[in-house]
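# Secondary and tertiary structure notes
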Protein chains: 2
Amino acid sequence: MTLSIDAMGGDSAPDVVLEGLKLFCARRSGVDFLLHGREDELAPFLSREPALAKRTTLRHADAVVKSSDKPSQALRRARGTSMWNAIESVKAGEATAAVSAGNTGALMAISMLVLRKMDGVHRPAMTAIWPTVTGRAIVLDVGANLEADAQQLLTFAIMGEAYSRAVTGSEKPKIGLLNIGTEEMKGHDEIRQAADLIRNSGLDFDYIGYVEGNDIAGGVADVVVTDGFTGNVALKTAEGTARLLGSYLREALTSGTMAKAGALIASNGLKSLKARMDPSRVNGGVLLGLNGLVVKSHGGTDAEGFATALALAADLGESHYQEEVAANLARIAKAPKDTESETAA
Amino acid sequence: MTLSIDAMGGDSAPDVVLEGLKLFCARRSGVDFLLHGREDELAPFLSREPALAKRTTLRHADAVVKSSDKPSQALRRARGTSMWNAIESVKAGEATAAVSAGNTGALMAISMLVLRKMDGVHRPAMTAIWPTVTGRAIVLDVGANLEADAQQLLTFAIMGEAYSRAVTGSEKPKIGLLNIGTEEMKGHDEIRQAADLIRNSGLDFDYIGYVEGNDIAGGVADVVVTDGFTGNVALKTAEGTARLLGSYLREALTSGTMAKAGALIASNGLKSLKARMDPSRVNGGVLLGLNGLVVKSHGGTDAEGFATALALAADLGESHYQEEVAANLARIAKAPKDTESETAA
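The shown structure was predicted, so the numbers you read here are calculated from the model rather than taken from an experiment. (Residues numbered from 1 in each chain as written. Chains lettered and ligands numbered in written order. Predicted model: local features only at pLDDT ≥ 70, side-chain atom pairs only at ≥ 80, totals over all residues. Heavy atoms only, no water.)

The secondary structure content of chain A amounts to 15 helices and 11 strands. Taken over C-alpha atoms, the radius of gyration comes to 21 Å for chain A, in line with the 20 Å a tight globule of 345 residues would show. Over its C-alpha atoms, taken along the principal directions, chain A stretches across nearly 65 × 60 × 35 Å. For chain A, with 345 residues in total, the buried portion stands at 57%. At a minimum sequence separation of 6, the contacts of chain A that also span at least 24 residues come to 72%. On chain A, roughly 14100 Å² of surface is accessible, and the fraction owed to carbon and sulfur atoms is 49%. (Helix = DSSP H or I, 4+ residues; strand = E, 2+ residues; numbered from the N terminus. Rg over C-alpha atoms; globule rule 2.2 N^0.38 Å. Buried < 20%, exposed > 50% of the residue type's maximum accessible area, 1.4 Å probe, protein only. Contact = heavy atoms within 4.5 Å. Areas by Shrake-Rupley, 256 points an atom, 1.4 Å probe, with all protein chains shown as cover.)

This is the structure in structure tokens:
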């Protein structure tokens, strides 16, 4: 398998990209790399890393998508950028998946333009991998769209289910719809209709019903389906909460001589805690619903995080994600429209 | 000032209510209590607590709103319940604020029926007090409604601003609108229209613009305005994240002999951390926008948490919250409708 990499995307590109690539290369065999970016900035690193260089093909691209570019601006001058070329390699069949830490909006826009949506997908969805008390959950959409109607939420469920199997290995992922639980006011119309659609889809899904915000980290579902606005607010809120509690913890363990001494003695345990709270462990959002795989690494990630994103791309590339989603989308497209009229009634 | 208390609401009523009341009574003078509930369950406690009994008037109510009742069911048989009577006391002018740990939906429905909405308020809003790196922020609506249009978001801003001054003491609270930040897709129409309305309201507000989920705990704004669906998901997601990180911390500090020893030595610092992560410290949601004050305590709270809810009710009762909101609502009602046509244009 070959991964196509935008070497110039991200806050500390290309250094973090190259260091992350080196980490990943040492950990995983059987994967080659197409590296897109400025030759003069990339070649010196490769010449110092023969093991990596042997598995890497360097493709010079002079232009770079800026992190400040709006998607529409980026699109106008996208051709020939390292980001465009990385995605183009997937379309051309030279690579199985593309990975970039660059501008999210531009990456989504270019991906949609170059790879096009899968048949049966109205809107692609951005995923997040969410740590939970029992392991990891997939949440989608976390920001590719503002809104989602019932039919779109159903396709998110289909994509999230196959994605969960591909990257977390759960055999039959539990699917939940994100909702609120204040008694009779059970959610928007779209959510109630989506519940009907998923239940009556004829797909062999383990649909567990509505879940609330606290259920995400609670590990109640393997896949949490929501619209992009709500998913993005939830994801950012969780990040903010984790940062707040991290600052509380630091203060508590530096609040006096005894606290500092205790922290020193418990340092191994605290190191494992730090590792678990480390966002790079779960780095990598995937834009699902396109004719090709595109993994978005966090722009501010470190080398470890970029390596995680590469591993995610390789896991997805080795899985049957794309075929499974296509099969399920075809199944609901062929299904009699009874469910829709039921819902409308 | 007199507080009116539903003694029978909550998972461990009336015990937790009575113990919380006793805590609050010892900490704060100048507040009397109207205690609504079953005399035979309440009188024995009061007879053992003479200091509390001296400041308490017991009002027998036989019926109780069940936690499993849907709001519509609860409303049908609400009259004569301890919850209804607690709110009725506020309407009758016998008490400044009502406090209940009972069924949220029923409390909202009964409060709206008994107290009615303030002039200029289309929908009341439920608030949450949110710990931040710089102190506390107010988030509203966290679940009284599913949706909110621009005009409703403006009234939430007005209510949240006065509430923030009343309970956190910030002189001129910074107001932010919760949104997502994926480049050009800046939020729903309602949010963009609400931004225009707040900016052009003529009110002397410190409106700081859009904030994202991570900005809530980041302390960027003192008041975060959002619709009830999004606010509820954000609140529950933060709770779930805090619980997950708490379980990580426990595991890290019990993962071996050294970790345990370190935790023991640092125990004072960790105790202060535990106190800061304790949800009872920020217990108490207020249903804003009614002709009277109603504080909702978490149903599963402990005595400390119920005492916090009582303190919140007392703080609000001593403030000029109600007058300030009424004045600002009157101001926007009188304002020329230019802003509306601007927004529509």
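A few words on the pattern of salt bridges. Residue and element names in this part refer to chain A. All told, the structure shown has 26 salt bridges over all chains when counted by the stated rule. Close ionic contact of arginine 192 with aspartate 189 constitutes a salt bridge, the shortest N to O distance being 2.9 Å. Of this pair, arginine 192 and aspartate 189 both sit in helix α8 (residues 189-199), 3 residues apart, which is roughly one turn of the helix. The exposure class assigned to arginine 192 is partly exposed, which follows from its relative accessible area of 39%. (Salt bridge = Lys/Arg side-chain N within 4 Å of Asp/Glu carboxyl O.)

On to the sheet that holds strand β10 (residues 285-288) of chain A. All names here are of chain A. Read from one edge to the other, the open sheet built from 11 strands follows the order β3-β2-β1-β4-β11-β10-β5-β6-β9-β7-β8, with strand pairing classed as mixed. Each edge of the open sheet carries a strand with a single partner, namely β3 (56-60) and β8 (206-211). Going from strand to strand, the sheet's axes swing by 25° on average, the running direction of each strand aside. Note: strand β5 (residues 125-131) against β10, 2 bridges, orientation antiparallel. When the bridges of β10 are listed, alanine 125 appears paired with leucine 288. Along the sheet, helix α6 (residues 104-115) makes contact with β4 (97-100), β5, β10 and β11 (293-296), crossing β11 at roughly 175°. (Pairing = 2+ DSSP bridges. Axes fitted to C-alpha atoms, helices over the stretch in contact; angles between N-to-C directions.)

This part covers the sheet that holds strand β5 (residues 125-131) of chain B. Residue and element names in this part refer to chain B. The mixed open sheet is built from 11 strands, whose spatial order is β3-β2-β1-β4-β11-β10-β5-β6-β9-β7-β8. Of all the strands in the sheet, the pair left with one neighbour each is β3 (56-60) and β8 (206-211). Mean inter-strand twist for the sheet, computed between neighbouring axes without regard to direction, equals 25°. Inspection of the sheet shows strand β1 (residues 2-6) paired to strand β4 (residues 97-100) by 3 bridges, in the parallel sense. By the bridge assignment, isoleucine 5 is partnered in β4 with valine 99.

On the surface, Leu264 and Ile265 of chain A together with Met258 of chain B cluster together to form a nonpolar patch covering roughly 310 Å² of accessible area. Along the chain, methionine 258 of chain B turns up in helix α11 (residues 257-265). (Patch = residues over 30% accessible without salt bridge, like charges linked within 9 Å, V, L, I, M, F, W, Y side chains within 5 Å.)

Before going further, it helps to examine the relation of the copies chain A and chain B. It takes a turn of 180° to lay chain A on chain B, together with a shift of 0.0 Å along the axis; the resulting RMSD is 0.1 Å. As the rotation angle and translation indicate, the two copies are arranged about a two-fold axis. Considering only C-alpha atoms, the residue of chain A closest to the rotation axis is glycine 262 of chain A, which sits at 2.0 Å. The share of interface residues of chain A whose copies in chain B are also at the interface is 100%, consistent with both copies meeting through the same surface. (Least-squares fit on C-alpha atoms with pLDDT ≥ 70 in both.)

With 65 residues of chain A in contact, the opposing surface of chain B contributes 65 residues. It is Ile180, Phe229 and Tyr248 of chain A that lose the most area in chain A upon contact with chain B, and together they represent 12% of the buried surface on that side. On inspection of chain A and its partner chain B, the count reaches 2 salt bridges. At the boundary of chain A and chain B, one finds 6 residue pairs in polar contact (both at pLDDT 80 or more). (Buried area = accessible area lost by both parts, 1.4 Å probe. Polar contact = N/O pair within 3.5 Å; in protein donor to acceptor, adjacent residues only side chain to side chain.)

Residues and elements named next belong to chain A. Of the two faces of β10, the one carrying Gly285 and Leu287 and the one carrying Val286 and Leu288 are both buried. Bridge analysis of β10 against β11 gives 2 bridges, and the strand direction is antiparallel. Counterpart to valine 286 in the pairing with β11 is valine 295.

Burial analysis of β1 of chain B places 5 of its 5 residues in the buried class, the great majority of the element. Note on the crossover from β1 of chain B through helix α1 (residues 15-27) of chain B to strand β2 (residues 32-37) of chain B: the handedness is right-handed. (Right-handed = clockwise from strand over helix to strand, strands pointing away.)

Moving on: a negative patch on the surface. On the surface, Glu147, Asp149 and Glu190 of chain A together with Glu147, Asp149 and Glu190 of chain B cluster together into a patch of negative charge. Relative to the elements of secondary structure, glutamate 190 of chain A occurs in helix α8. (Lys, Arg positive; Asp, Glu negative; His and termini not counted. Charge placed at Lys NZ, Arg CZ, Asp CG, Glu CD.)

Residue and element names in this part refer to chain A. Two elements in contact, helix α1 (residues 15-27) and helix α2 (residues 39-48), have axes whose closest approach is 11 Å; the angle formed by their N-to-C orientations is 35°. Every pair of crossing elements has a handedness; the one defined by α1 and α2 is right-handed. Mapping the contact onto sequence places Leu18, Glu19 and Lys22 in α1 and Glu41, Leu42 and Phe45 in α2. (Left-handed = near helix turned anticlockwise from the far one by under 90°.)

The subject of this paragraph is helix α11 (residues 257-265) of chain A. Residues and elements named next belong to chain A. For α11, the complete set of buried residues consists of Ala259, Gly262 and Ala263. For α11, the buried positions fall inside an angular range of 100° around the axis, keeping them on one side. Exposed and facing more than 90 degrees away from the buried side of α11 are Thr257, Met258 and Leu264. (Arc of directions from axis to C-beta.)

Residue and element names in this part refer to chain A. If you trace the backbone, asparagine 145 turns up in the loop between β6 (136-140) and α7 (150-168). The buried category is assigned to asparagine 145, whose relative accessible area is 6%. At 2.8 Å, the side chain of asparagine 145 and the backbone oxygen of proline 124 are in polar contact. Separated by 2.8 Å, the side chains of asparagine 145 and aspartate 141 make a polar contact.

For the rest of this paragraph, the subject is the confidence of the model for chain A. Residue and element names in this part refer to chain A. In the predicted model, chain A carries a mean pLDDT of 90, and the fraction of residues at 70 or more is 94%. Within the model, the stretch residues 338-345 combines pLDDT values under 50 with 7 contacts to residues more than four positions away or in other chains. Scoring the predicted complex yields pTM 0.89 and, for the interface, ipTM 0.88. (pLDDT = per-residue confidence, 0-100.)

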